[in-house]
Amino acid sequence: MFGTSWRVGRIAGIEVRVDSSWVVIALLITYSMYLRFSFLYKDLSTGAAAGIALLAAVLFFGSVLVHELAHALVSRARGIRVQDITLFLFGGATRARVESRGPGDEFLIAAVGPLTSGVVAGLFWIVDVFARGALPRPLIGMFGYLAVVNLLLAAFNLVPGFPLDGGRLLRSAVWRATGSFRRATRIASLAGQAVGWLLVAGGVAFLLGGNLVGGIWFAFIGWFLVQAARASYQELQVQQILRGVQAHDVMAGSLVRIPPDLTLQDAVDRYFMRYDHSAFPVDEQGRTIGLLTLRKVRRVPSDEWPTSRVRDHMIPLGDQVVVPPDAPMDQVMAKLEDGEAGRVLAAEDGEVVGIITPSDLTRWLHRWRTLDSRALDSRALDSRARWEDSQSPGR
Ligand SMILES: [Zn+2]
(Lines give C-alpha, C1' and ligand atoms only; values in the text may rest on other atoms or scores of the structure.)
Protein backbone atom coordinates (compact mmCIF):
# COMPACT_ATOMS: atom_id res chain seq x y z
CA MET A 1 0.00 0.00 0.00
CA PHE A 2 2.90 2.30 0.65
CA GLY A 3 5.14 3.76 -2.01
CA THR A 4 8.11 5.96 -1.26
CA SER A 5 7.76 7.79 2.03
CA TRP A 6 9.82 10.43 3.79
CA ARG A 7 10.46 10.93 7.43
CA VAL A 8 9.30 14.35 8.56
CA GLY A 9 9.88 14.20 12.29
CA ARG A 10 9.08 12.59 15.61
CA ILE A 11 6.23 13.29 18.00
CA ALA A 12 6.32 11.73 21.47
CA GLY A 13 9.02 9.38 20.23
CA ILE A 14 6.90 8.13 17.31
CA GLU A 15 8.27 8.54 13.81
CA VAL A 16 6.01 10.53 11.47
CA ARG A 17 6.34 9.97 7.72
CA VAL A 18 4.57 11.25 4.61
CA ASP A 19 3.93 9.02 1.63
CA SER A 20 4.60 10.32 -1.89
CA SER A 21 0.87 9.96 -2.73
CA TRP A 22 0.09 12.40 0.07
CA VAL A 23 1.83 15.35 -1.60
CA VAL A 24 -0.59 15.32 -4.56
CA ILE A 25 -3.64 15.06 -2.31
CA ALA A 26 -2.32 17.80 -0.01
CA LEU A 27 -2.01 20.16 -3.00
CA LEU A 28 -5.50 19.19 -4.25
CA ILE A 29 -7.04 19.77 -0.83
CA THR A 30 -5.30 23.13 -0.39
CA TYR A 31 -6.51 24.18 -3.86
CA SER A 32 -10.09 23.05 -3.20
CA MET A 33 -10.01 25.02 0.10
CA TYR A 34 -8.79 28.06 -1.84
CA LEU A 35 -11.69 27.70 -4.30
CA ARG A 36 -14.12 27.33 -1.42
CA PHE A 37 -12.96 30.39 0.53
CA SER A 38 -12.61 32.69 -2.47
CA PHE A 39 -16.11 31.63 -3.59
CA LEU A 40 -17.73 32.13 -0.17
CA TYR A 41 -16.03 35.44 0.65
CA LYS A 42 -15.93 37.42 -2.56
CA ASP A 43 -14.29 40.48 -0.97
CA LEU A 44 -11.26 38.39 0.03
CA SER A 45 -8.02 39.17 -1.84
CA THR A 46 -6.27 36.31 -3.65
CA GLY A 47 -3.43 36.37 -1.12
CA ALA A 48 -5.75 36.27 1.89
CA ALA A 49 -7.82 33.43 0.40
CA ALA A 50 -4.64 31.45 -0.32
CA GLY A 51 -3.39 32.10 3.22
CA ILE A 52 -6.64 30.87 4.79
CA ALA A 53 -6.68 27.84 2.47
CA LEU A 54 -3.14 26.98 3.52
CA LEU A 55 -3.97 27.39 7.22
CA ALA A 56 -7.09 25.24 6.77
CA ALA A 57 -5.09 22.51 5.02
CA VAL A 58 -2.43 22.54 7.77
CA LEU A 59 -5.11 22.31 10.46
CA PHE A 60 -6.87 19.53 8.54
CA PHE A 61 -3.73 17.39 8.28
CA GLY A 62 -2.96 18.29 11.89
CA SER A 63 -6.37 16.84 12.77
CA VAL A 64 -5.58 13.61 10.90
CA LEU A 65 -2.24 13.42 12.69
CA VAL A 66 -3.88 13.90 16.11
CA HIS A 67 -6.30 11.07 15.26
CA GLU A 68 -3.38 8.77 14.39
CA LEU A 69 -1.40 9.85 17.46
CA ALA A 70 -4.35 8.82 19.60
CA HIS A 71 -4.20 5.29 18.12
CA ALA A 72 -0.43 5.22 18.54
CA LEU A 73 -0.36 6.43 22.14
CA VAL A 74 -3.09 4.05 23.29
CA SER A 75 -1.30 1.18 21.50
CA ARG A 76 1.87 2.07 23.31
CA ALA A 77 0.09 2.40 26.64
CA ARG A 78 -1.18 -1.18 26.10
CA GLY A 79 2.41 -2.34 25.60
CA ILE A 80 2.32 -2.61 21.80
CA ARG A 81 5.33 -1.32 19.91
CA VAL A 82 4.40 1.35 17.37
CA GLN A 83 6.50 1.38 14.18
CA ASP A 84 5.46 4.71 12.70
CA ILE A 85 2.66 6.97 11.55
CA THR A 86 2.44 7.57 7.81
CA LEU A 87 0.26 10.21 6.17
CA PHE A 88 -0.88 8.99 2.76
CA LEU A 89 -3.56 9.66 0.16
CA PHE A 90 -6.55 10.96 2.09
CA GLY A 91 -5.60 9.98 5.56
CA GLY A 92 -3.10 8.39 7.83
CA ALA A 93 -2.01 5.00 9.02
CA THR A 94 -0.48 3.94 12.28
CA ARG A 95 1.62 0.84 12.05
CA ALA A 96 2.22 -1.33 15.03
CA ARG A 97 2.81 -4.94 15.79
CA VAL A 98 -0.07 -6.14 17.88
CA GLU A 99 1.19 -9.15 19.76
CA SER A 100 -1.12 -11.76 21.21
CA ARG A 101 -3.61 -9.27 22.54
CA GLY A 102 -7.26 -9.75 23.14
CA PRO A 103 -10.35 -8.06 21.70
CA GLY A 104 -10.38 -5.57 24.58
CA ASP A 105 -7.18 -3.88 23.43
CA GLU A 106 -8.37 -3.92 19.83
CA PHE A 107 -11.58 -2.18 20.89
CA LEU A 108 -9.78 0.51 22.91
CA ILE A 109 -7.20 1.29 20.24
CA ALA A 110 -9.83 1.48 17.50
CA ALA A 111 -12.36 3.53 19.47
CA VAL A 112 -9.94 6.25 20.53
CA GLY A 113 -9.45 7.44 16.90
CA PRO A 114 -13.00 8.56 16.05
CA LEU A 115 -13.41 9.75 19.65
CA THR A 116 -10.39 12.05 19.24
CA SER A 117 -11.71 13.39 15.92
CA GLY A 118 -15.01 14.11 17.71
CA VAL A 119 -13.17 16.05 20.43
CA VAL A 120 -11.15 17.99 17.81
CA ALA A 121 -14.43 18.82 16.02
CA GLY A 122 -15.78 20.12 19.35
CA LEU A 123 -12.70 22.34 19.86
CA PHE A 124 -13.05 23.90 16.39
CA TRP A 125 -16.76 24.40 17.03
CA ILE A 126 -16.00 26.21 20.31
CA VAL A 127 -13.66 28.59 18.46
CA ASP A 128 -16.35 29.05 15.80
CA VAL A 129 -18.99 29.99 18.37
CA PHE A 130 -17.00 31.94 20.95
CA ALA A 131 -14.56 33.87 18.75
CA ARG A 132 -17.33 35.28 16.57
CA GLY A 133 -16.81 39.04 16.44
CA ALA A 134 -13.22 38.77 17.66
CA LEU A 135 -11.89 37.20 14.45
CA PRO A 136 -12.48 38.10 10.77
CA ARG A 137 -15.52 36.35 9.22
CA PRO A 138 -13.62 34.09 6.75
CA LEU A 139 -11.42 32.80 9.59
CA ILE A 140 -14.48 31.96 11.69
CA GLY A 141 -15.95 30.23 8.64
CA MET A 142 -12.80 28.17 8.36
CA PHE A 143 -13.07 26.94 11.97
CA GLY A 144 -16.71 26.03 11.45
CA TYR A 145 -15.80 24.14 8.30
CA LEU A 146 -13.00 22.24 10.07
CA ALA A 147 -15.42 21.26 12.86
CA VAL A 148 -17.73 19.70 10.24
CA VAL A 149 -14.83 17.99 8.45
CA ASN A 150 -13.59 16.41 11.69
CA LEU A 151 -17.09 15.24 12.51
CA LEU A 152 -17.29 13.60 9.07
CA LEU A 153 -13.86 12.08 9.67
CA ALA A 154 -15.12 10.48 12.88
CA ALA A 155 -18.33 9.30 11.19
CA PHE A 156 -16.57 7.84 8.15
CA ASN A 157 -14.13 5.99 10.37
CA LEU A 158 -16.99 4.42 12.31
CA VAL A 159 -18.29 2.70 9.16
CA PRO A 160 -17.96 -1.00 10.06
CA GLY A 161 -15.59 -2.07 7.29
CA PHE A 162 -12.03 -3.19 7.92
CA PRO A 163 -9.45 -1.55 7.88
CA LEU A 164 -11.47 1.48 9.02
CA ASP A 165 -11.75 1.97 12.79
CA GLY A 166 -15.38 0.83 12.66
CA GLY A 167 -14.22 -2.38 10.99
CA ARG A 168 -11.80 -2.92 13.85
CA LEU A 169 -14.58 -2.37 16.37
CA LEU A 170 -16.61 -4.97 14.47
CA ARG A 171 -13.63 -7.31 14.50
CA SER A 172 -13.12 -6.92 18.24
CA ALA A 173 -16.83 -7.69 18.80
CA VAL A 174 -16.77 -10.84 16.63
CA TRP A 175 -13.45 -11.82 18.19
CA ARG A 176 -14.97 -11.56 21.65
CA ALA A 177 -18.13 -13.40 20.63
CA THR A 178 -16.47 -16.28 18.77
CA GLY A 179 -13.01 -16.37 20.33
CA SER A 180 -11.60 -16.65 16.80
CA PHE A 181 -9.31 -13.89 15.59
CA ARG A 182 -9.20 -15.41 12.13
CA ARG A 183 -12.96 -15.57 11.69
CA ALA A 184 -13.31 -12.06 13.12
CA THR A 185 -10.76 -10.69 10.64
CA ARG A 186 -12.47 -12.51 7.78
CA ILE A 187 -15.90 -11.08 8.63
CA ALA A 188 -14.54 -7.55 9.18
CA SER A 189 -12.63 -7.78 5.89
CA LEU A 190 -15.73 -8.93 3.99
CA ALA A 191 -17.66 -6.04 5.56
CA GLY A 192 -14.88 -3.69 4.43
CA GLN A 193 -15.14 -5.00 0.87
CA ALA A 194 -18.93 -4.63 0.93
CA VAL A 195 -18.69 -1.02 2.14
CA GLY A 196 -16.04 -0.35 -0.50
CA TRP A 197 -18.25 -1.68 -3.31
CA LEU A 198 -21.19 0.37 -1.98
CA LEU A 199 -19.03 3.50 -2.21
CA VAL A 200 -17.99 2.56 -5.75
CA ALA A 201 -21.68 2.11 -6.67
CA GLY A 202 -22.47 5.48 -5.07
CA GLY A 203 -19.66 7.03 -7.09
CA VAL A 204 -21.08 5.60 -10.32
CA ALA A 205 -24.53 6.95 -9.39
CA PHE A 206 -23.00 10.41 -8.83
CA LEU A 207 -21.22 10.20 -12.18
CA LEU A 208 -24.46 9.26 -13.96
CA GLY A 209 -26.16 12.17 -12.21
CA GLY A 210 -23.54 14.52 -13.64
CA ASN A 211 -21.48 15.07 -10.47
CA LEU A 212 -18.05 14.34 -11.90
CA VAL A 213 -15.78 15.27 -8.97
CA GLY A 214 -17.96 13.71 -6.28
CA GLY A 215 -18.37 10.58 -8.38
CA ILE A 216 -14.67 10.06 -8.96
CA TRP A 217 -13.92 10.79 -5.30
CA PHE A 218 -16.44 8.24 -4.00
CA ALA A 219 -15.43 5.57 -6.51
CA PHE A 220 -11.77 6.12 -5.66
CA ILE A 221 -12.23 5.87 -1.88
CA GLY A 222 -14.45 2.80 -2.37
CA TRP A 223 -11.92 1.06 -4.60
CA PHE A 224 -9.16 1.83 -2.12
CA LEU A 225 -11.21 0.37 0.73
CA VAL A 226 -11.94 -2.83 -1.23
CA GLN A 227 -8.22 -3.30 -1.89
CA ALA A 228 -7.18 -2.52 1.67
CA ALA A 229 -9.79 -4.87 3.16
CA ARG A 230 -8.72 -7.69 0.86
CA ALA A 231 -5.01 -7.08 1.50
CA SER A 232 -5.38 -7.10 5.27
CA TYR A 233 -7.02 -10.53 5.22
CA GLN A 234 -4.38 -11.89 2.84
CA GLU A 235 -1.70 -10.57 5.15
CA LEU A 236 -3.24 -12.46 8.03
CA GLN A 237 -3.26 -15.62 5.89
CA VAL A 238 0.43 -15.14 5.13
CA GLN A 239 1.17 -14.74 8.83
CA GLN A 240 -0.71 -17.95 9.54
CA ILE A 241 1.11 -19.86 6.82
CA LEU A 242 4.43 -18.64 8.20
CA ARG A 243 3.58 -19.63 11.74
CA GLY A 244 5.93 -22.40 12.75
CA VAL A 245 8.10 -21.84 9.67
CA GLN A 246 11.76 -21.03 10.31
CA ALA A 247 14.41 -19.14 8.40
CA HIS A 248 16.10 -22.33 7.10
CA ASP A 249 12.81 -23.51 5.54
CA VAL A 250 12.66 -20.50 3.26
CA MET A 251 16.29 -19.47 2.68
CA ALA A 252 18.19 -20.05 -0.51
CA GLY A 253 21.13 -22.23 0.47
CA SER A 254 23.45 -22.23 -2.52
CA LEU A 255 25.53 -19.15 -1.84
CA VAL A 256 28.15 -17.53 -4.01
CA ARG A 257 30.71 -15.83 -1.78
CA ILE A 258 33.19 -13.13 -2.69
CA PRO A 259 36.56 -12.23 -1.11
CA PRO A 260 36.92 -8.86 0.72
CA ASP A 261 40.01 -7.66 -1.14
CA LEU A 262 38.47 -7.89 -4.59
CA THR A 263 38.05 -4.54 -6.36
CA LEU A 264 34.51 -3.38 -7.03
CA GLN A 265 35.30 -3.60 -10.75
CA ASP A 266 36.07 -7.33 -10.43
CA ALA A 267 33.04 -7.82 -8.18
CA VAL A 268 30.84 -6.29 -10.88
CA ASP A 269 32.46 -8.15 -13.81
CA ARG A 270 32.85 -11.54 -12.20
CA TYR A 271 29.83 -11.69 -9.88
CA PHE A 272 27.04 -9.14 -10.38
CA MET A 273 27.07 -9.46 -14.18
CA ARG A 274 27.30 -13.24 -14.09
CA TYR A 275 24.95 -14.41 -11.40
CA ASP A 276 21.29 -13.75 -10.82
CA HIS A 277 21.91 -12.27 -7.35
CA SER A 278 21.91 -8.67 -6.25
CA ALA A 279 23.91 -9.31 -3.08
CA PHE A 280 26.86 -11.53 -2.15
CA PRO A 281 28.17 -12.59 1.27
CA VAL A 282 31.79 -11.49 1.75
CA ASP A 283 34.00 -14.29 3.11
CA GLU A 284 37.43 -14.05 4.71
CA GLN A 285 39.18 -17.30 5.67
CA GLY A 286 35.94 -19.24 5.85
CA ARG A 287 34.09 -16.65 7.89
CA THR A 288 31.45 -14.32 6.54
CA ILE A 289 32.26 -10.73 7.48
CA GLY A 290 29.76 -8.73 5.45
CA LEU A 291 27.35 -8.41 2.58
CA LEU A 292 27.99 -6.54 -0.66
CA THR A 293 24.78 -5.34 -2.30
CA LEU A 294 24.19 -3.96 -5.78
CA ARG A 295 22.69 -0.85 -4.20
CA LYS A 296 25.93 -0.17 -2.30
CA VAL A 297 28.03 -0.61 -5.46
CA ARG A 298 25.80 1.79 -7.38
CA ARG A 299 26.53 4.53 -4.84
CA VAL A 300 30.22 4.44 -5.77
CA PRO A 301 31.06 6.35 -9.00
CA SER A 302 32.07 3.79 -11.66
CA ASP A 303 35.48 5.42 -12.27
CA GLU A 304 36.40 4.52 -8.66
CA TRP A 305 35.49 0.83 -9.07
CA PRO A 306 38.99 -0.29 -10.19
CA THR A 307 40.57 1.17 -7.02
CA SER A 308 37.85 0.51 -4.41
CA ARG A 309 37.77 -2.67 -2.34
CA VAL A 310 34.73 -4.79 -1.51
CA ARG A 311 35.74 -4.57 2.18
CA ASP A 312 35.20 -0.79 2.29
CA HIS A 313 31.71 -0.85 0.79
CA MET A 314 30.11 -3.96 2.25
CA ILE A 315 27.42 -3.89 4.93
CA PRO A 316 29.09 -5.34 8.05
CA LEU A 317 27.33 -8.33 9.57
CA GLY A 318 25.28 -7.03 12.47
CA ASP A 319 22.10 -7.99 14.26
CA GLN A 320 20.16 -6.08 11.65
CA VAL A 321 20.89 -8.53 8.83
CA VAL A 322 21.62 -11.78 10.65
CA VAL A 323 19.27 -14.33 12.20
CA PRO A 324 19.92 -17.87 13.45
CA PRO A 325 18.70 -20.55 10.99
CA ASP A 326 15.93 -21.57 13.37
CA ALA A 327 14.60 -18.01 13.76
CA PRO A 328 10.82 -17.75 13.35
CA MET A 329 9.69 -16.08 10.14
CA ASP A 330 8.07 -13.08 11.80
CA GLN A 331 11.51 -12.11 13.09
CA VAL A 332 12.86 -12.49 9.56
CA MET A 333 10.00 -10.39 8.14
CA ALA A 334 10.64 -7.61 10.67
CA LYS A 335 14.30 -7.48 9.63
CA LEU A 336 13.42 -7.55 5.94
CA GLU A 337 11.18 -4.51 6.52
CA ASP A 338 13.57 -2.52 8.68
CA GLY A 339 17.07 -3.40 7.46
CA GLU A 340 18.95 -1.39 4.84
CA ALA A 341 20.17 -4.53 3.05
CA GLY A 342 16.70 -5.62 1.88
CA ARG A 343 17.65 -9.22 2.72
CA VAL A 344 18.43 -11.34 5.74
CA LEU A 345 21.31 -13.77 6.26
CA ALA A 346 20.94 -16.93 8.30
CA ALA A 347 24.15 -17.60 10.22
CA GLU A 348 25.31 -20.22 12.67
CA ASP A 349 28.51 -19.71 14.70
CA GLY A 350 29.56 -16.83 12.47
CA GLU A 351 29.10 -18.84 9.30
CA VAL A 352 26.43 -17.80 6.85
CA VAL A 353 24.36 -20.75 5.67
CA GLY A 354 21.62 -19.06 3.72
CA ILE A 355 20.05 -15.86 2.46
CA ILE A 356 16.44 -14.70 2.35
CA THR A 357 15.19 -11.96 0.03
CA PRO A 358 11.59 -10.73 -0.36
CA SER A 359 11.42 -12.60 -3.68
CA ASP A 360 12.55 -15.84 -2.00
CA LEU A 361 9.68 -15.37 0.40
CA THR A 362 7.15 -14.65 -2.35
CA ARG A 363 8.29 -17.73 -4.28
CA TRP A 364 8.08 -19.89 -1.18
CA LEU A 365 4.57 -18.66 -0.36
CA HIS A 366 3.45 -19.26 -3.91
CA ARG A 367 4.73 -22.85 -3.82
CA TRP A 368 3.13 -23.45 -0.48
CA ARG A 369 -0.20 -22.14 -1.69
CA THR A 370 -0.19 -24.31 -4.80
CA LEU A 371 0.78 -27.40 -2.85
CA ASP A 372 -1.18 -27.09 0.32
CA SER A 373 -3.99 -24.58 0.25
CA ARG A 374 -6.26 -26.65 2.47
CA ALA A 375 -3.82 -26.91 5.32
CA LEU A 376 -4.53 -23.27 6.20
CA ASP A 377 -7.71 -24.11 8.09
CA SER A 378 -5.98 -26.64 10.27
CA ARG A 379 -3.36 -24.21 11.47
CA ALA A 380 -3.57 -22.71 14.92
CA LEU A 381 -5.05 -19.27 15.37
CA ASP A 382 -2.71 -16.37 15.28
CA SER A 383 -3.47 -13.20 17.09
CA ARG A 384 -0.88 -11.06 15.46
CA ALA A 385 -2.20 -8.19 13.39
CA ARG A 386 -0.94 -5.13 11.74
CA TRP A 387 -2.53 -1.86 12.54
CA GLU A 388 -3.49 0.27 9.62
CA ASP A 389 -6.36 2.53 8.97
CA SER A 390 -7.36 5.31 6.75
CA GLN A 391 -9.79 8.12 6.61
CA SER A 392 -11.37 10.41 4.16
CA PRO A 393 -11.12 14.19 4.41
CA GLY A 394 -14.89 14.18 4.36
CA ARG A 395 -15.68 15.44 0.93
ZN1 LIG B 1 -8.33 5.70 12.89
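Residues numbered from 1 in each chain as written. Predicted model: local features only at pLDDT ≥ 70, side-chain atom pairs only at ≥ 80, totals over all residues.

(A) Local environment of the overall build of the protein. Broken down by element type, the protein carries 13 helices and 11 strands. For the protein, the share of sequence-separated contacts (at least 6 apart) that also reach a separation of at least 24 residues comes to 65%. (Helix = DSSP H or I, 4+ residues; strand = E, 2+ residues; numbered from the N terminus. Contact = placed C-beta atoms within 7 Å.)

(B) Geometry of unusual backbone geometry. The omega torsion of the bond from phenylalanine 162 to proline 163 falls at 10°, within 30 degrees of zero and hence cis. Within the secondary structure, proline 163 is located in the loop between α4 (137-157) and α5 (165-178). One non-glycine residue, alanine 12, lies in the positive phi region at around 50°. By C-beta crowding, alanine 12 is classed as exposed, having 10 other C-beta atoms within 10 Å. (Buried ≥ 20, exposed ≤ 12 C-beta atoms within 10 Å, placed from the backbone.)

(C) A look at the sheet that holds strand β6 (residues 287-293). Ordered by their spatial adjacency, 3 strands build an open sheet running β5-β6-β7, and the pairing between neighbours is antiparallel. The sheet terminates laterally at β5 (279-284) and β7 (315-316), the two strands that pair on one side only. With 2 bridges connecting them, β6 and β7 associate as antiparallel partners. For glycine 290, the partnering residue across the bridge sits in β7 and is proline 316. (Pairing = 2+ DSSP bridges.)

(D) Structural view of the nonpolar core. Membership of the largest hydrophobic core comes to 56 residues, with the highest contact counts inside it found for Ala56 and Leu146. Those elements that place two or more of their residues in this core are α1 (20-40), α2 (46-77), β3 (82-88), α3 (103-130), α4, α5, α6 (181-208) and α7 (212-242). Ignoring sequence-local partners within four residues, the contact set of leucine 146 consists of Ala56, Leu59, Phe60, Ser63 and Phe124. One finds Ile241, Leu291, Ala341 and Val352 within the second-largest nonpolar core, a separate group that totals 32 residues. (Core = buried A, V, L, I, M, F, W, Y, C linked by C-beta atoms within 7 Å.)

(E) Summary view of helix α9 (residues 264-272). Along α9, the residues classified as buried are Leu264, Ala267 and Tyr271. Take α9 and look down its axis: the buried residues cluster within an arc of 60°, on one side only. The inward-facing, buried residues of α9 abut β5, β6, α10 (294-298) and α11 (310-313). (Arc of directions from axis to C-beta.)

(F) α3, seen in detail. Here α3 spans 41 Å end to end across 28 residues, near enough to the 40 Å set by a 1.5 Å rise per residue. Along α3, the largest kink reaches about 25° and is centred on valine 112; proline proline 114 follows within four residues of it. (Expected span 1.5 Å × (residues − 1). Bend = angle between axes of the 7 residues up to and from the residue.)

(G) Broad picture of the sheet that holds strand β9 (residues 344-348). The 3 strands are arranged β8-β9-β10 in an open sheet whose pairing can be described as mixed. Two strands bound the open sheet, and with one partner strand each, they are β8 (322-323) and β10 (351-356). Here β8 pairs with β9 via 2 bridges, running parallel. When the bridges of β9 are listed, valine 323 appears paired with alanine 346.

(H) Summary view of the packing of α2 against α3. Interhelical geometry of α2 versus α3 gives an angle of 145° and a closest axis separation of 8 Å. Two packed elements cross with a definite hand, and for α2 against α3 that hand is right-handed. Residues Ser63, Val66, His67, Ala70, His71, Val74 and Ser75 of α2 form the contact with α3, whose participating residues are Leu108, Ile109, Val112, Gly113, Thr116, Ser117 and Val120. Of the residues contributing to the contact of α2 with α3, the split by class is 7 nonpolar, 7 polar and no charged. (Axes fitted to C-alpha atoms, helices over the stretch in contact; angles between N-to-C directions. Left-handed = near helix turned anticlockwise from the far one by under 90°. Nonpolar A, V, L, I, M, F, W, Y, C, P; charged D, E, K, R; others polar.)

(I) Structural detail: the packing of α2 against α4. One way to put it is that α2 packs onto α4 with a least axis distance of 10 Å and a crossing angle of 30°. With respect to each other, α2 and α4 are oriented roughly parallel. The crossing of α2 and α4 is right-handed. Contacts between α2 and α4 involve Ile52, Leu55, Ala56, Leu59, Phe60, Ser63 and His67 on the former and, on the latter, Pro138, Leu139, Met142, Tyr145, Leu146, Val149, Asn150 and Leu153. The class makeup of the residues in the contact of α2 with α4 is 12 nonpolar, 3 polar and no charged. (Parallel < 35°, antiparallel > 145°, perpendicular 65-115°, else oblique.)

(J) Summary view of the pairing of β10. One ladder, built from 5 bridges, connects β9 with β10; its direction is antiparallel. Bridged to glutamate 348 within β10 is glutamate 351.

(K) Geometry of the pairing of β6. By the bridge criterion, 6 bridges tie β5 to β6 in an arrangement that is antiparallel. Bridged to glutamate 284 within β6 is arginine 287.

(L) Region of interest: the environment of lysine 335. Assignment of secondary structure puts lysine 335 in helix α12 (residues 329-338). Taking the C-beta count within 10 Å as the criterion, lysine 335 has 21 such neighbours and is therefore assigned buried. Discounting chain neighbours no more than four positions away, the residues touching lysine 335 are Gln320, Val321, Val323 and Val344.

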